[in-house]
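# Structural description and commentary
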Amino acid sequence: MLRILRTFLLLGIALTAVTAQAKTKINDVYVIHLILDGTNYNTMQRAIRMGKLPTVKATFIDGGAVFTNAISTFPSTSTSAYQSFITGLLPGHSGIPHLQRFDRQNEEFIDYLSVKGYLKLNDDFINLNAVQNPNVANLDATDTIFELLNGYPTLALYTTARRGAAESVPKRIPVRGLWAAGVSKDFLRIDQLAYDKLFKKYGRKLEDIPRYSLVGLYSSDDAGHHNGAHSDAVITALQQFDYFLKDFLELLEKQGIRDKTYIIVSADHGMHDTGKLFRFREALIEKNVAVKSRDPRWKDYNVVPADRGISSTHVYTRRPDGTFAPLPRAYELTRFPLKDSTSVNLTNLIANLGPTELVIVRDGDDATMVYNHDNTSRIECILLNAEQWCSYEVLSGNDPLKFTGKKARRLMDGKPHSSQQWKHATAEEHYTDAIVQLGTIFQDGRAGDLFIVPQDAWGLRVIKAATHGSLIRDDMHIPMLIAGPGVPRKSFDVMRTVDIYPLVLEWFGFDIPVANYDGVNPFEKFKGDNKLWQKLATIEQKCSDKRCVRRHAGYRRSELRKIATMELRDRRLLSAKLREYIAGLEAQKAYKHAPQIALPDYVDDHLAIARMIENKTDVRREKMEVIVDSL
Ligand SMILES: [Zn+2]
């Protein structure tokens, strides 16, 4: 109710937002998303080929849709990937950048795997797409699938991403806490607990059966971490899943809802074999970097590495003004103060540590520098027509992302190409979907100022047989199987985890503005970029004066003027809406009785992000004014 009131007070006339919160009429369908956490694509394929998964084969491969190139998120971690299923947002647009984030205002870590941080994840959600949608301009317009189904039975089972779920299991302890409770001795046991719960929840009276369930199944993840990404233990976990699925389908049949139920079986991220320990923190300390100590009393630090045991991490750095504001330009790190008040090129220092493979550095909100030893490149993304348009250029040496495919190399022409174009072109590259995943990761300011991806064999903090979190294909490429009424029986090629969201919206019959999320319906064929919009994106990125605009426009000046005028109108409207939104947040901060438009703990956080977007929108608006004037 509070959220309804809040939304209403804030948006005033945005009735769609209000009705979305009340119980809306939905199509008479059920959706269950079963996540085989951390399952390597090839291992799953092998199990199918070996004939070990007969029910999976019959249900999906023979009776549903299969994606041969489904892509996880970067970072390839559960938190970032699970949230993408229920929000349709990339990690850099949802405020969930990794397993942990550093609160830049309060200078403390929020750890989504800890007891305290576990529940915080759902308050942490923001929607950077919605705050840049001129008709919405609100960071809290998250519209998770659970929130949209408010009033209906929904189930979040063993998932931290659960904002708005009617029923969450377990309620208060992190899923990982179950291991501590003694489950860890038997990796199959954790899924058995989930299966028991599912049989109970789906065996109830019809009106109590969840319309939507998001289910984390961790046996394969656990088996992989301990025994290897391709181990027989993983296959055993998958086999156990297949037995469950057979019984579960029978239960749906018995309940009379089998032909109304959509079933998604996917991983959240993949996994690859590791075994070597990258002592990243220690390496920095050894080089005299003022790393934040685990002792909270020591305040004299300027580098804060996140600290979780997978194959990527991110790092926050202090600004010269003493704050932890997001890094405005990558070159600031080239003269970074050390403990002894000399300075160092922090990026080079990290890039030259033995186990480092990639260093990915924030270069303002919309650009990302990529370093691999002496090789440097830059990604820049702009928001145009509610879509990300990204360009990619190698600045020195060879391509740090090592693109080899023709499709990807053709897009390296310095011009912006749409998110969808890059998705299709880079889905099979070693660094899968790197341009859009890396080009957007810094946009909401919640991620650190740089990410580190070690070489394949190395993991951070603890030694594991296998892990994930990086950008390599084994981590990014996931199984994705979909079955249900009307689902095409065929094999599809590319999709992202964010593409599940619009599909589920369609199944239930929800109408959410497409500008509010990153996904697209994965069953629809991509027809290539709209040439006119691409031209406008190129002009926006390259031109700051009349002559340049006209030269690039060529003979399509009047057509371009039309869409540029539309875009300008949107940007002006957004500027105005953002001023209102920020004034509302400022009022909430100053006056006790002002309407609450953000959760109290989040006013400063939202203000910082909203002001960042406001500044960016002003620049975008001015740019488009120049373009419209020149055309
Ligand atoms: Zn996971």
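Residues numbered from 1 in each chain as written. Predicted model: local features only at pLDDT ≥ 70, side-chain atom pairs only at ≥ 80, totals over all residues. Heavy atoms only, no water.

Before going further, it helps to spend a moment on the layout of surface pockets. Of the volumes computed, that of the largest pocket is approximately 1,200 Å³. Listed by contribution, the elements that provide at least two residues to the lining of the largest pocket are α8 (128-131), β18 (387-396), α17 (419-426), β25 (491-496) and α23 (557-590). In terms of residue count, α23 provides more of the lining of the largest pocket than any other element does, 5 residues in total. Counted by class, the lining of the largest pocket contains 19 nonpolar, 16 polar and 14 charged residues. Its volume calculated, the second largest pocket comes out at about 820 Å³. Considering the residues around the second largest pocket, the lining is formed by 37 residues, among which R362, G364, D365, D366 and K616 are closest to the centre. Taken together, the elements giving at least two residues each to the lining of the second largest pocket come down to β3 (100-103), β17 (375-384), α21 (531-542) and α24 (603-630). Among the elements that line the lining of the second largest pocket, the one with the most residues is α24, at 9 residues. For the lining of the second largest pocket, a count of residues per class yields 13 nonpolar, 8 polar and 16 charged. (1 Å grid on protein atoms, 1.4 Å probe; cavity = no way out; pocket = protein on both sides within 12 Å on 5 of 7 lines; lining within 4 Å. Points joined across faces, edges and corners; volume = space filled by probe spheres on them. Helix = DSSP H or I, 4+ residues; strand = E, 2+ residues; numbered from the N terminus. Nonpolar A, V, L, I, M, F, W, Y, C, P; charged D, E, K, R; others polar.)

So, about the sheet that holds strand β16 (residues 367-372). Strands sit in the order β11-β12-β20-β15-β16-β17-β18-β19 across an open sheet of 8 strands; the sheet is antiparallel. Strands at the two margins of the open sheet, each flanked by one partner only, are β11 (303-305) and β19 (417-418). The strands that α21 touches are β17, β18 and β19; relative to β17, the one it contacts most, it runs at about 120°. (Pairing = 2+ DSSP bridges. Contact = heavy atoms within 4.5 Å. Axes fitted to C-alpha atoms, helices over the stretch in contact; angles between N-to-C directions.)

Structurally, the position occupied by D37 is in the loop between β1 (30-36) and α3 (41-49). Within the structure, D37 has its side chain in polar contact with the side chain of S78 (distance 3.2 Å). In terms of polar contacts, D37 uses its side chain to reach the side chain of H269, at 3.4 Å. Contacts of D37, omitting those with residues within four sequence positions, involve S78, Y82, L217, Y218, S220, D221, D268 and H269. (Polar contact = N/O pair within 3.5 Å; in protein donor to acceptor, adjacent residues only side chain to side chain.)

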